[in-house]
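Each chain, written out:
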Amino acid sequence: MTPANLADTVLSAARAVFETRGLDVALLPAATTVERPRNPEHGDYASNLALQVGKKAGVVPRELATALAEELRRRAGVEAVEIAGPGFLNIRLDDASLGAIARLVVEAGSAYGHNSALSGEKVNLEFVSANPTGPIHLGHTRWAAVGDSLRRVLTAAGAEVTSEYYINDAGAQVDRFARSLFAAANGEPAPEDGYVGDYITEIAKEITDADPGLVGQPAEQALPIFLARGYELMLKEIRESLERFGVHFDVWFSEQTLHGGGAVEHAIEELRKQGHIFEDGGAIWLRTTDFTDDKDRVLIRSNGEKTYFAADAAYYINKRERGFDRCIYLLGADHHGYIGRLKAIAACAGDDPQKNIEILIGQLVNLVRGGQPVRLSKRAGNIITLDEMLDAVGPDAARYSLARSSTDSTLTLDIEEITKNSSDNPVFYVQYAHARICSLLRNAEEKKINRAEVYDPSRLSHERERNLLKTLGEFPGVVATAAELREPHRIAVYLEERVATDYHRFYDACQVLPKGDEPVSEFAQSRLWLAEATRTVLANGLDLLGVSAPERM
RNA sequence: GCGCUCGUAGCUCAGCGGAUAGAGCAGUGGACUUCUAAUCCACCGGUCGCAGGUUCGAAUCCUGCCGGGCGCGCCA
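Nothing here was measured: the structure is a model prediction, and the numbers come from that model.

Visitor: I'd like to hear about the sheet that holds strand 8 (residues 283–286), residue by residue, with values.
Guide: Sheets are built from strands that pair by backbone hydrogen bonding, the pairs being arranged parallel or antiparallel. Spatially, three strands are ordered 7-8-9 in an open sheet, and the strand pairing comes out antiparallel. Two strands lie at the open edges of the sheet, namely strand 7 (277–280) and strand 9 (297–300), each paired on one side alone. Averaged over all pairs of adjacent strands, the angle between strand axes in this sheet comes to 45 degrees, irrespective of strand direction. Sheet analysis places strand 7 next to strand 8, joined by four bridges and oriented antiparallel. Bridge assignment links Ile-277 to a residue of strand 8, and that residue is Leu-286.

Here's what the structure looks like:
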């Protein structure tokens, strides 16, 4: 019996109690949940339903709990029910009922943990979107790891997700980039407002190696070429770094295509139809203060130039016209000021800003080296790139350390810790559990012990077996919550603190295969089922994080 | 000044109103001739920033204050 099944059972028992007592069944919630108590003396699962509805129904919670307990004890699979505190129900399942989880997991395989909460929803998930004027660095990397994991989690919840990277290739910063390349190619110092760093000289060299005639050319002729070629090379490098990181984007969307293709004009027309466009001082404005913005925003400046905001509006409208029900933006905390105006764009376009647009703000990453703060600056050229991090620790450790904590908290990474002491990374604790199971399954095969022959769920009665079973049963709930709250770090916390821990503890206490010449124990088959079920959950969970599940370590 | 956000063990972080607030690292002490010791077990470590409020119950929700980060252009 899974926690979801048990919750349904508790609810149906409550209905029975309400009916026999003549209480209003409508007071019961549509759904309830059971919790796993921290204290093992409080049973396998606990329900607080009596506490939640007792008062509403005019019954003392403990009295309601007593009646509920009596009813629950009659249900199949329930071994014992106790009432505790103000009205908690502490429920213990029998071994066979709990053990059934392992079979369920193994049979579901790679689909275990998936759900259909978001099925039918077309989601556009935009993240990273770093300017194509420099390599991907640690500041962007958190969103790459979290965003890609969120893509996987939402997909597991049934959504049809398109991951998208918005390329800011239309503004002044790409001109600065081109002038920086031009200067480097001609051996001149970087322009005042330009970009510095080895990557500038490397890209400049790559361009001039392919076309030596560019050196010494006047700026008017050379700059467009440096811009086009540099942009192309930079984007290629960004794309390769992200692919190496295991982060995939379905769509690379160029801002230029909005400006050149009439998309901004089209967006202004759409917004005008909704009645939120006005002119003032020769500029065209969007009255975002009709909704959730603190000031109105200019779309077309009085000199006729389109603003960045105009592109934002056009981009949003473009996404909606491509059929996305939900446009999710993953932004760093330094962009939180955009929430109001982006939401207002959706509202001005006649959409529901609560549903069609969603802006997730994540706190930034702080870097320290040996405890001392490190200030990174692209201008100063001391940035730490994604590639450098990958060279130092590899994609698994990098992704895991960035994806395991909530984006609500500023993450402090110590460069010394992650580069020197990578074996301390908890990702290896999780991966090791998976590799250990694979080794066990290989040994079983060698000893010709076939898991599939027998599965007796009531054999798994050891406390550590029961704990592991309960943990495996939680996975679908963890995935569902991670999807609902857009918090993929919950997967990592669960794998690390629950699954891997409970497996290692089980492994320590429960021998599976015979030692030496001993006969095969009565537990072997059932424990192999449990091991395979655990392996399935670890593999599925690691996949949601974009981390590999190695068979050997 | 206005707004957003964060504040939990020495450090890095969990904890979508539930019972005695958890984990890793660091520190101390144990467990490998036997399925992978990248493991397990025990100990040490807390006024959940502060003060009120909401209620059967608050680290969690609300208000105020203190402290850190960030944002407030016809810039991109």
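Visitor: Describe the sheet that holds strand 10 (residues 326–332), naming the residues involved and giving the relevant values.
Guide: Spatial ordering of the open sheet is given by 6-5-4-10-11, a layout of five strands whose pairing is parallel. Of all strands in the sheet, those bounded by a partner on one side alone are strand 6 (251–254) and strand 11 (357–362). When the angles between neighbouring strand axes are averaged without regard to direction, this sheet yields 25 degrees. When strand 4 (residues 122–126) meets strand 5 (residues 160–167), the two strands line up parallel, connected through five bridges. Its bridge partner lying in strand 5, Glu-126 is registered against Glu-164. Against the sheet, helix 11 (residues 308–321) engages strand 4, strand 5, strand 6, strand 10 and strand 11, with an angle of about 160 degrees to strand 5. Seen against the sheet, helix 12 (residues 338–348) touches strand 10 and strand 11 and runs at an angle of roughly 170 degrees to strand 11.

Visitor: Quick rundown of the protein's contact with RNA strand B? Include the residues and the values.
Guide: Taken together, 67 residues lie around RNA strand B, and Lys-55, Arg-301, Tyr-338, Thr-412 and Arg-505 are the ones closest in. Gln-173 is positioned with one of its side-chain polar atoms (N or O) 2.3 Å from a sugar or linking oxygen of RNA strand B. At 3.2 Å, a backbone N or O of Ala-333 approaches a sugar or linking oxygen of RNA strand B. Ranked by residue count, the leading element in the surface near RNA strand B is helix 15 (residues 426–446), at nine residues. Looking at the surface near RNA strand B, its residues break down into 25 nonpolar, 23 polar and 19 charged.

Visitor: An account of unusual backbone geometry is requested, with residue identities and associated values reported.
Guide: With a phi angle near 45 degrees, Ser-129 is a residue other than glycine that sits in the positive phi range. With respect to the helices and strands, the residue Ser-129 is situated in the loop between strand 4 and helix 5 (138–156). According to the relative accessible area criterion, Ser-129 is buried, its value standing at 14%. Positive phi, normally seen in glycine, also occurs at Lys-448, with a value near 60 degrees. The topology assignment puts Lys-448 in the loop between helix 15 and helix 16 (463–485). Residue Lys-448 is classed as exposed on the basis of its relative accessible area, which comes to 74%.

Visitor: Provide a residue-level description of the domain arrangement of chain A, including the pertinent values.
Guide: What the domain assignment lists for chain A is domain 1 (3–93) and domain 2 (99–115 + 425–545). Computed from C-alpha atoms alone, the centre-to-centre distance between domain 1 and domain 2 is 29 Å. Counting from both sides, the interface comprises seven residues of domain 1 and, opposite them, nine residues of domain 2. Of the roughly 640 Å² buried between domain 1 and domain 2, counting both surfaces, carbon and sulfur atoms make up 35%. Ranking the residues of domain 1 by area buried against domain 2 places Pro-3, Arg-36 and Asp-44 at the top, with a combined share of 69%. Summed over the shared surface of domain 1 and domain 2, the result is three salt bridges. Note that Asp-44 is salt-bridged to Lys-470, the shortest N-O span being 2.9 Å. In this assembly, domain 1 and domain 2 are joined by five residue pairs in polar contact (both at pLDDT 80 or more). Residue composition of the side of domain 1 that touches domain 2, by class: three nonpolar, one polar and three charged.

About the thresholds
- Sequence order as written defines residue numbering, which begins from 1 separately in each chain.
- As a convention, the first chain written is A and the first ligand written is 1, with the rest following in written order.
- Owing to the predicted nature of the model, reporting of local features is limited to residues with pLDDT of at least 70; listing and counting of side-chain atom pairs is limited to 80 or more, with chain, interface and lining totals taken over all residues.
- Values shown for side chains rest on all heavy atoms present in the structure; no hydrogens or waters enter the calculation.
- Paired strands are those between which DSSP finds at least two bridges.
- A run of DSSP states H or I qualifies as a helix once it reaches four residues; a run of E qualifies as a strand once it reaches two. Both are numbered from the N-terminal end.
- Between N-to-C directions, angles cover 0 to 180 degrees, with each direction set by a line fitted to C-alpha atoms, over the stretch in contact for helices.
- Should any heavy atoms of two residues lie within 4.5 Å, those residues are counted as being in contact.
- Nearness here has a simple test: a residue counts as near a molecule or strand if at least one of its heavy atoms is within 4 Å of that partner.
- Any pair of N or O atoms that falls within 3.5 Å is considered a polar contact. Within protein, one atom must be able to donate a hydrogen and the other to accept it, and sequence-neighbouring residues count only if both atoms are side-chain atoms.
- In this classification, the charged set is Asp, Glu, Lys and Arg, the nonpolar set is Ala, Val, Leu, Ile, Met, Phe, Trp, Tyr, Cys and Pro, and all remaining amino acids, among them Gly, are polar.
- Summary of the burial criterion: residues with accessible area below 20% of their type's maximum are buried, those above 50% are exposed, and those between are partly exposed, where the area comes from a 1.4 Å probe applied to protein chains only.
- Domain extents, as shown, originate in an automatic or database domain assignment.
- For any pair of parts, buried area is found by adding up, for both, the accessible area (1.4 Å probe) each one loses once the two are put together.
- Here, a salt bridge means any Lys or Arg side-chain nitrogen found within 4 Å of an Asp or Glu carboxyl oxygen.

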